[in-house]
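Structural overview
Here is how the chains run, residue by residue.
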Amino acid sequence: MLTLPTADARVAPYRLTGTPLTPRAPRTALTRTAFAAAHVVSDPLRERNPWDTRPAVDWDATLNFRSQLWDQGLHLAEAMDTAQRGMGVDWPTALELIQRTMRAAKVHPMHPRVACGAGTDHKAPQDLTTPDAILAAYMTQAEAIEAAGGQLILMASRAFTAIQATEDTYHRVYRRLIDGAKDPVILHWLGDMFDPALAGYWGNADVAKASDFVLALIAENPAKVDGIKISLLDQAHEEQFRARLPKGVRFYTGDDFNYALLIEGDGTHHSHALLGIFAAIAPAASQGLEALAQGDSATYHRLLAPTVPLSREIFRAPTRFYKAGIAFLSWLNGYQTHFIMPAGFQSSRDITHYGNVFRLADQAGLLAHPDLAQVRMKTLLALHGVEQT
C-alpha cells in the first residue's frame, strides 16, 4: 500500500492492481516498423555543475536500456528529442552516444535498425543565419552519423525559425540533404508543443500550407525518403497527410496521444511508429504489434488501450517535459539505479504527476517488478514530504 498525492493537493491510499507484462521477443514478423526513441541515463557520481557543463553519462545503463528494447523487436531512434537534444545533451555527447549505440546494434542478435538525429545544435544561433551555414551544420552531423553506420533522421532545426526562413530556404537545404544522403532519410516535423521554438516550421504557420510544401518536397525524390515522422498530436491531420504520401514512403506517427488507432489504421492506410512513449511501454508495444500482425485486433487494443492514458499523462502540457516520465519509468523498472537526469531535468515535473504516472503504469501492466517500483516510489515520495503509513 502506498500513499500517493492527488490533483487536489491531498493524498490518498493506492494498492497495486496490475499484472506485469513479461518482456519478450515477438513470435512473428511485425507488420509495422516501430522505432522507440530512448533517453540518456545520467551518471550522478560524475556530474559536476549539471546546469552548466556537459552531461556525465552512465554508458552501461544507457546501452542496456537500448538492448532490452531491441530484445523485444523494436528499432531505435537515437539521439533525438527524448535523449534531451538541446535540453541537457549536447552534440559531442550525442555523437558519442550514436557511435556507442551503433557498435552495440551491429552485434545484437535481433539486427535492429538504428536511425539517428542529425541537426544543427553544435553551432550557436548567431552562426546559423544563412542557408549555407544551416546546410553546413547539418552536413557535419549527417556525415558523422553515416560514418558510424546510422540512418539519418533530419531533425527539425530551430535555426530555420530563428531566421524566419522562407519555403525557398527550407527547400534549398532539405533538397541537398535528402539527395546527398547515403540512404533514404526520415524527415522530422516536431510541433511547437514539443519545442515552442519550432513554431511555423516549413516556413508557414498554416499547417495545411506547410503540409503541401513538405509533401511536394518528398514527391520530388521519394526514393530518397524512407518516411516522415510528424508530432503535431493531431489525428485528423495525420490521417489526411499519410493518404497523400507517395507509394513506399512511410508515415511514422509521433502522436503520443493517438498512436494506437493510427498504427492500426483505417483499412486503407496506417502509420508506422517513431515514438518516445514506446521506450516506456515496450512490452505492451511489442506484444500489441505482434497481435496486430497476427490479425488479432482485440488483443492489440487490450494491450495498448491502457497505455494511452499513461502516455497522455507523460506527454501532457508542457509536452516538452515528457522525457522526465520516460526516465522515471526506467528507474521504477530497474533499468537504472537512480532518478537523476542530465541538467537536473527530473525537476521539470511535480510529484503529483509522478504519482499519476505510477498509478497508470501499474494499471497498464508496465511495472515490471512491483516490489522494487513500490520501494523506489516511496523514496521519491519521502523526498517530497509525502509520508507513508
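Whatever comes next refers back to the structure up there.
To start, this report covers the structure provided alongside it. (Residues numbered from 1 in each chain as written. Predicted model: local features only at pLDDT ≥ 70, side-chain atom pairs only at ≥ 80, totals over all residues. Heavy atoms only, no water.)

Here we look at the packing of aromatic side chains
Put simply, the rule reads: Pairing of aromatic rings covers Phe, Tyr and the six-membered ring of Trp, with a centre-to-centre limit of 6.5 Å; geometry is then stacked below 30 degrees between planes, edge-to-face above 60, and tilted otherwise. Helix and strand definitions here come from DSSP, where helices need a minimum of 4 consecutive H or I residues and strands a minimum of 2 consecutive E residues; each element is numbered from the N-terminal end. Only protein chains enter the accessibility calculation, which uses a 1.4 Å probe; a residue is then buried when its area is under 20% of its type maximum, exposed when over 50%, and partly exposed in between.
Under the counting rule described, the total for this entry stands at 25 aromatic pairs. Between Tyr 138 and Phe 160, the aromatic rings sit 6.3 Å apart at their centres with planes inclined by 35 degrees, giving tilted as the arrangement. You can see Tyr 138 sitting in helix H3 (residues 131-148) and its partner Phe 160 sitting in helix H4 (residues 158-162), a full 22 residues away along the chain. The residues Tyr 138 and Phe 160 share a single accessibility class, namely buried.

Quick look at the pairing of strand S5 (residues 114-118)
Remark: a regular strand shows side chains that alternate across the two faces of the sheet. For the record, the criterion: In short, DSSP must find at least two bridges between two strands for them to pair.
Most of S5 sits inside the fold, with five of its five residues counted as buried. Neither face of S5 is open: one carries Val 114, Cys 116 and Ala 118, the other Ala 115 and Gly 117, and all of them are buried. Pairing of strand S4 (residues 75-78) with S5 involves three bridges; the strand directions are parallel. Following the sheet pairing, Leu 76 is matched in S5 by Val 114. Bridge count between S5 and strand S6 (residues 151-154): four bridges; the pairing is parallel.

Topic: the sheet that holds strand S7 (residues 185-190)
Put simply, the test is: Interaxial angles span 0 to 180 degrees and are taken between N-to-C directions of axes, which are lines fitted to C-alpha atoms, for helices over the stretch in contact. The contact criterion used is simple: two residues touch if any of their non-hydrogen atoms lie within 4.5 Å.
An order of S3-S4-S5-S6-S7-S8-S9-S10 is seen for the eight strands of this closed barrel, with the pairing classed as parallel. Direction aside, neighbouring strands of the sheet carry axes that sit 25 degrees apart on average. With respect to the sheet, helix H1 (residues 59-71) is in contact with strand S3 (34-37), S4 and S5, its orientation differing from that of S4 by roughly 145 degrees. Taken strand by strand, H3 contacts S5 and S6, and its axis lies near 160 degrees from that of S5.

Here we look at the pattern of salt bridges
Any two side chains of opposite charge can pair, given that their charged atoms come close. Rule in force here: The salt bridge definition used is simple: a Lys or Arg side-chain nitrogen within 4 Å of an Asp or Glu carboxyl oxygen.
According to the stated counting rule, one finds 18 salt bridges in the structure shown. In this structure, Asp 90 and Arg 54 form a salt bridge, with 3.4 Å as the shortest nitrogen-oxygen distance. Remark: Arg 54 occurs in the loop between S3 and H1 and Asp 90 occurs in the loop between S4 and helix H2 (91-106); sequence separation between them is 36 residues. On the basis of relative accessibility, which here comes to 23%, the residue Asp 90 falls in the partly exposed class.

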